Amino acid sequence: MKRVWEKTDAMRIMLENKTALNLVRFAEIALLKKKTSLYSYNFPSQIQIEVTNRCNLKCLWCSHNSPDLNTHGTGDMDFSKLLDLLPQLKRAGCINLFGEGEPLLYPQLTEAIREARKYVRHVAVTTNATLLFGELSRDLASSGLTELVVSVDSADSETFKQIRGIALDKVFSNMTEFAAVSSVPLSVRAVVARENAQSLIALPKLLTKIPNCKKLYLLAMHESQGSDAAGYHHPVAADTEAVVKEISSECRKHGIRTDALELLANRKYAHGICKAPFIGMAYVNWRGWLTPCCSYLDLNLGNVFEKGFSRCWNGTLMRNFRKAMLLNKAPLHCKKWCGISTNAISTASGFHAL
């Protein structure tokens, strides 16, 4: 019964912000496989908007510590263009104002949240929490934000500092300060590598000290120049399955919701088809480039500032990307980062000619 409860909880989190059309699309992929329509009649359930890719940290596995992951420069999204974009996203279930940077560095963040809430019911921000104090903390509390997600990659202070270069106590102090002035739900997102997985087992108990913190997301680490240099590696089943199950059990024990078991399920992409470009999410970087997910920092499937979101979402480049996924020819990047099976021998640009 315990494992059934944990799997059910992981499934509930996965289905959050999904519409009926999202679920129909999921069934279409499962049943039709390669014959699935390349035109997406459903809207992405989650849209991630990179308001800035500037950051005040250099985490081991981040693009800011890995030149191989980011070659499109650093900057902030033009606020006027963001204001033009948001009304186009009213069919989305959730907007997350977060990318490869620290969103609390974006000067118009609270104004962006208020504007986004005019069009979607759920607006989240993911932060490293180093700037979550004082006036900014109070402004976020009254901005209309519906979820604040904090990145915490270890319950062990030494491991956390090695990964992020800051003190774990400072992050928890800022989270506590925010919880004291706000009823906004707090969540934690932890990146899992082989080397820090064990240190995450104690995290659910630690989260009980933070009021309003009731959810833990797990995300598998993707290897890069930075992670390789630091000796951190992508978690594989043999190394982490037992640990992830233990984290899930600890969450249940302490009343923390989690998608931990979904991390294990995501290793097995049926038919080599990632659902993200069909159902799950879209990512817009600070330049306005639409990409299929957050792992493609330099892939431009259409500039939403120039063409509009809907035209890019079903444009030629995005449809070709979906076609590559269905034909088992997803770019090698998909295999490297998510383990999707592919016969491709090319980088991301190879799918354009399909």
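Refer to the preceding data block for the structure.
Residues numbered from 1 in each chain as written. Predicted model: local features only at pLDDT ≥ 70, side-chain atom pairs only at ≥ 80, totals over all residues. Heavy atoms only, no water.

1. Some points on the overall build of the protein chain
Okay, so step 1: Secondary structure summary: the protein chain contains 16 helices and nine strands in total.
Okay, so step 2: Burial analysis of the protein chain (354 residues in total) assigns 55% to the buried set.
Okay, so step 3: Within the protein chain, residue pairs in contact and separated by at least 24 positions form 71% of the contacts whose partners lie at least 6 positions apart.
Okay, so step 4: When the accessible surface of the protein chain is split by element, carbon and sulfur atoms take 54% of a total near 15,100 Å². (Helix = DSSP H or I, 4+ residues; strand = E, 2+ residues; numbered from the N terminus. Buried < 20%, exposed > 50% of the residue type's maximum accessible area, 1.4 Å probe, protein only. Contact = heavy atoms within 4.5 Å. Areas by Shrake-Rupley, 256 points an atom, 1.4 Å probe, with all protein chains shown as cover.)

2. Focus: the pairing of strand β3 (residues 123-127)
Okay, so step 1: Across the five residues of β3, five count as buried, placing the element largely inside the fold.
Okay, so step 2: Of the two faces of β3, the one carrying Val-123, Val-125 and Thr-127 and the one carrying Ala-124 and Thr-126 are both buried.
Okay, so step 3: Here two bridges tie strand β2 (residues 94-97) to β3, and the two strands are oriented parallel to one another. Counterpart to Asn-96 in the pairing with β3 is Ala-124.
Okay, so step 4: Two strands pair when backbone bridges link them, and β3 and strand β4 (residues 147-151) are joined in this way by four bridges, in the parallel orientation. (Pairing = 2+ DSSP bridges.)

3. What to know about the sheet that holds β3
Okay, so step 1: If you trace the nine strands from one edge of the open sheet to the other, you get β7-β6-β5-β4-β3-β2-β1-β8-β9, paired in mixed fashion. Two strands lie at the open edges of the sheet, namely β7 (257-258) and β9 (290-291), each paired on one side alone.
Okay, so step 2: This element, helix α7 (residues 168-181), spans β4, β5 (186-192) and β6 (213-220) of the sheet and lies at about 155 degrees to β5. (Axes fitted to C-alpha atoms, helices over the stretch in contact; angles between N-to-C directions.)

4. Details of α7
Okay, so step 1: With 14 residues, α7 extends 21 Å from end C-alpha to end C-alpha; this agrees with the ideal 20 Å at 1.5 Å per step.
Okay, so step 2: Every buried residue belonging to α7 is among Leu-168, Val-171, Phe-172, Asn-174, Met-175, Phe-178 and Ala-179, and all of these are buried. Seen along its axis, α7 keeps its buried residues to an arc of 160 degrees; they face one direction. Along α7, exposed side chains directed more than 90 degrees from the buried face belong to Asp-169 and Ala-180.
Okay, so step 3: Looking at the buried positions of α7, the neighbouring elements they touch are α5 (134-141), β4, α6 (157-164), β5, α8 (203-207) and β6. (Expected span 1.5 Å × (residues − 1). Arc of directions from axis to C-beta.)

5. As for the environment of Cys-94
Okay, so step 1: Along the chain, Cys-94 turns up in strand β2.
Okay, so step 2: Sequence separation between Cys-94 and Ala-116 is 22 residues, and the spatial gap between their C-alpha atoms is 9.6 Å.

6. Brief notes about the nonpolar core
Okay, so step 1: If you look at the biggest cluster of nonpolar residues, it comprises 92 residues, and the most contacted ones within it are Ile-49, Leu-97, Leu-203, Leu-216 and Phe-309.
Okay, so step 2: If you tally residues by element for this core, the top one is α7, at six residues.
Okay, so step 3: If we skip the residues at most four places from it in the chain, Phe-309 touches Phe-43, Pro-44, Ile-47, Leu-85, Gln-88, Leu-89, Ala-282, Val-284, Leu-290 and Val-304.
Okay, so step 4: Counting seven residues, the second largest nonpolar core, distinct from the first, contains Leu-60, Ile-163, Val-191 and Tyr-232. (Core = buried A, V, L, I, M, F, W, Y, C linked by side-chain atoms within 4.5 Å.)

7. Some thoughts on the packing of α5 against α7
Okay, so step 1: Following both chains from N to C, one finds α5 and α7 inclined at 45 degrees, their axes separated by 9 Å at the closest point. Looking at the two axes, α5 sits oblique to α7. Crossing geometry of α5 relative to α7 is assigned as right-handed. On the side of α5, the interface is formed by Gly-134, Ser-137, Leu-140 and Ala-141, while α7 contributes Glu-177, Phe-178 and Val-181.
Okay, so step 2: The residue makeup of the contact of α5 with α7, split by class, is four nonpolar, two polar and one charged. (Parallel < 35°, antiparallel > 145°, perpendicular 65-115°, else oblique. Left-handed = near helix turned anticlockwise from the far one by under 90°. Nonpolar A, V, L, I, M, F, W, Y, C, P; charged D, E, K, R; others polar.)

8. Digging into the environment of Asp-169
Okay, so step 1: Mapped onto the fold, Asp-169 is located in helix α7.
Okay, so step 2: Placed twelve residues apart in sequence, Asp-169 and Ser-157 show a C-alpha to C-alpha distance of 7.7 Å.

9. What about α6?
Okay, so step 1: Within the span of α6, buried status applies to Thr-159, Phe-160, Ile-163 and Arg-164. Down the axis of α6, the smallest arc covering the buried residues is 110 degrees, so these residues share one side. Those residues of α6 that are exposed and angled more than 90 degrees off the buried face are Glu-158 and Lys-161.
Okay, so step 2: Of the surrounding secondary structure, the elements contacted by the buried residues of α6 are β4 and α7.

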